[in-house]
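Structure at a glance
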Amino acid sequence: MSQQNFNFDTCSIHIGEKPDFSEGSKSEVVAPIYLSTTYARKEVKNPGYFQYSRCDNPTRFALEQRYASLEKTRYGLAFASGLAAEATVLFTLINPGDHIIGFDDLYGGTKRLFNQWKEKYKIAVSLVDATKTHLVEEAIRPETKIIWLETPTNPLLKICDIAAISEIAHRHHILLIVDNTFLSPCFQNPSVFGADIIVHSVTKYIAGHSDVIGGAVMLNDHALYERLKFNQNSLGTVPSPFDCYLVLRGLKTLSVRMGKHQSNALEVARYLEKHPKVAKVYYPGLPSHPQYETNLKQAGGFGGMVSFEIKGGEQEAIQFLESLELFTLAESLGGVESLIEHPALMTHSSITAKEREQAGIKDSLIRVSVGIEDEHDLLNDLEQAFEKVR
Ligand SMILES: Cc1ncc(COP(=O)(O)O)c(C=O)c1O
């Protein structure tokens, strides 16, 4: 049976780690961590496939094959972080004078990167509410090179219609990039809906245990893959072999983890929706979410991220966050343990207050990465913290 025909759960365990029974091989079940930085050749003019580990490394090669299989693309590339992946994509595609359209609720670090590029290379950036597809088309200029989306977004969990925006992008000869970090390839494959490049902060659900910083790019176009691979090497934005091993290991349980993240998140969202001290809940799995139907159309799940506004403001939010005992007050998301944070003061403090206001990130907003602990313990902890908020 061809490995191409395997389903997601099988690919997440096996692709890239096929035992090799050829003579002299050790037929390992688990891909070894290849630490050697360089590879010997017998003849000066005849290098093997692997020469120097920044260019290619066998552990990374195994992971890149798995990335491609999980995102249903031809190619996968592994990076040292989500932002290293993003910077390599920008470096490859964007020239002075170009224009980028982005979702107005993109991850703060992505916006910061756009801002730096804007100042240094005189490019233009338009951030639009991509939940309204027509606003994306209206923002297009002759010099627009890429449209950059997240769905759901970080931290307001807005959903945009990937297929509709992809149709617009391609009609105007623009590339569509989708950051698929929040749902992971387990619940959503943007390439199926026309996205040209998929990026991930592997640090989150893909690695899944809050112990690796990593990034990924997946795509189908061969020429673009060659350009990105060239720059992955020339910029040196590569992950270490040990990190690649950890991600290969983490991926084996991705779908089991995502199922529990999601069922716990739904419990938490339903609990928050009924809570008298909560003003608003953002979760794509609640029928009250404004883009609930769009998410259903393009994704196989809603994920483990929930955001909510506590009644009051910054003071009540801080009081609540500092009263929690099981949820850990920390940035990041997608690990097995539940994390909670205040976007305006933590993850999104790198963008200006004006940009936060425009994006709707209020001082009362709290973002929860719901882990895979027992759901009753999670709800009990939220309840005791709410009780401490005056
Ligand atoms: C949606 C999203 N994209 C990209 C990144 C950047 O990834 P990294 O922290 O791995 O560089 C993050 C980080 O939080 C993120 O949430």
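What you see is a predicted model, and the numbers here were worked out from it, not measured in a lab. (Residues numbered from 1 in each chain as written. Predicted model: local features only at pLDDT ≥ 70, side-chain atom pairs only at ≥ 80, totals over all residues. Heavy atoms only, no water.)

1. Overview of the overall build of the protein chain
Keep this limit in mind: Here a helix means four or more residues in a row that DSSP labels H or I, a strand means two or more in a row labelled E, and each is numbered from the N terminus. Radius of gyration here uses only the C-alpha atoms, and the compact-globule reference equals 2.2 Å multiplied by the residue count raised to the power 0.38. Partly exposed residues are those whose accessible area sits between 20% and 50% of the maximum for their type, while under 20% is buried and over 50% is exposed, using a 1.4 Å probe and protein chains only.
Assigned secondary structure in the protein chain consists of 14 helices and twelve strands. For 390 residues, the compact-globule estimate of 2.2 N^0.38 gives 21 Å, and the protein chain sits close to it at 21 Å. Each of the three principal axes of the protein chain carries a C-alpha extent, and together these read 75 × 50 × 35 Å. Expressed as a percentage of its 390 residues, the buried residues of the protein chain come to 56%.

2. Topic: the layout of surface pockets
The gaps of empty space that remain are located by a probe, the size of a water molecule, rolled over the atoms. The condition that has to hold: Put plainly, a pocket is an open set of points on a 1 Å grid over the protein atoms alone with protein on both sides within 12 Å along at least five of seven lines, a cavity is a set where a 1.4 Å probe fits but cannot get out, and a lining residue has an atom within 4 Å of a point. Grid points are joined across faces, edges and corners, and a volume is the space filled by probe spheres set on the points. For this classification, the nonpolar set comprises Ala, Val, Leu, Ile, Met, Phe, Trp, Tyr, Cys and Pro, the charged set comprises Asp, Glu, Lys and Arg, and every other residue, Gly included, is treated as polar.
Space inside the largest pocket adds up to approximately 490 Å³. In terms of lining, the largest pocket is formed by 22 residues, of which the most central are I15, Q65, A68, S69 and T73. Listed by contribution, the elements that provide at least two residues to the lining of the largest pocket are α1 (8-14), α2 (58-70), β1 (75-79) and α8 (222-235). Among the elements that make up the lining of the largest pocket, the one with the highest residue count is α2 (six residues). When the residues that make up the lining of the largest pocket are grouped by side-chain class, the tally is ten nonpolar, seven polar and five charged.

3. Quick word on the pairing of strand β12 (residues 365-369)
The cut-off we apply is this: Two strands are counted as paired when DSSP detects at least two bridges linking them.
Counted residue by residue, β12 has five buried out of five residues, so it is predominantly covered. Burial of the side chains of β12 extends over both faces: L365, R367 and S369 are buried on one face and I366 and V368 on the other. Examined bridge by bridge, strand β11 (residues 339-341) and β12 share three bridges and lie antiparallel to one another. The partner of L339 across the bridge, within β12, is S369.

4. Section: the sheet that holds strand β7 (residues 215-219)
To be explicit about the condition: To get an axis, a line is fitted to the C-alpha atoms, and for a helix only the part in contact is used. The angle between two axes follows their N-to-C directions and goes from 0 to 180 degrees. Contacts are assigned to residue pairs with any non-hydrogen atoms lying within 4.5 Å of each other.
The strand order across the open sheet formed by seven strands is β1-β7-β6-β5-β4-β2-β3, and the pairing between neighbours is mixed. Where the open sheet ends on each side, the last strands, each with one partner, are β1 and β3 (124-128). Direction aside, the axes of adjacent strands within the sheet are offset by 20° on average. Examined bridge by bridge, β1 and β7 share five bridges and lie antiparallel to one another. Bridging from a neighbouring strand, A78 pairs with A216 of β7. On the sheet, α2 packs against β1 and β7 and is oriented at approximately 130° with respect to β1. Across the sheet, helix α3 (residues 82-93) lies against β1, β2 (99-103), β4 (144-150), β5 (175-179), β6 (197-201) and β7, angled at about 160° from β4, the strand it touches most.

5. Some details on the side chain of D105
Spelled out, the test is: Two residue types count as positive, namely Lys and Arg, and two as negative, namely Asp and Glu; His and chain ends fall outside the count. We define a salt bridge as a side-chain nitrogen of Lys or Arg found within 4 Å of a carboxyl oxygen belonging to Asp or Glu. Under the rule applied, a polar contact is a pair of N or O atoms within 3.5 Å (in protein, one hydrogen donor and one hydrogen acceptor; residues adjacent in sequence only if both atoms are side-chain atoms).
On the secondary structure map, D105 appears in the loop between β2 and α4 (108-121). The charged side chain of D105 is buried without a salt bridge, its nearest counter-charge being K111 at 5.3 Å. For D105, the side chain forms a polar contact with the side chain of T153, separated by 2.4 Å. Those residues in contact with D105 that lie beyond four places of it in its chain are K111, E150, T153, N154, P155, L156, L157, K158, A359 and I361.

6. Structural notes on the packing of α3 against α8
Going by this rule: By the definition used in this description, the sense in which the near helix is turned from the far one sets the handedness, with an anticlockwise turn below a right angle giving left-handed and a clockwise turn giving right-handed.
Running from amino to carboxyl end, α3 crosses α8 at an angle of 115°, the nearest separation of the two axes being 9 Å. The two elements α3 and α8 cross, and the hand of that crossing is right-handed. For the pair formed by α3 and α8, the contact residues are T88, V89, F91, T92 and L93 on the first element and L224, R227, L228, N231, Q232 and L235 on the second. Of the residues that constitute the contact of α3 with α8, the class distribution is six nonpolar, four polar and one charged.

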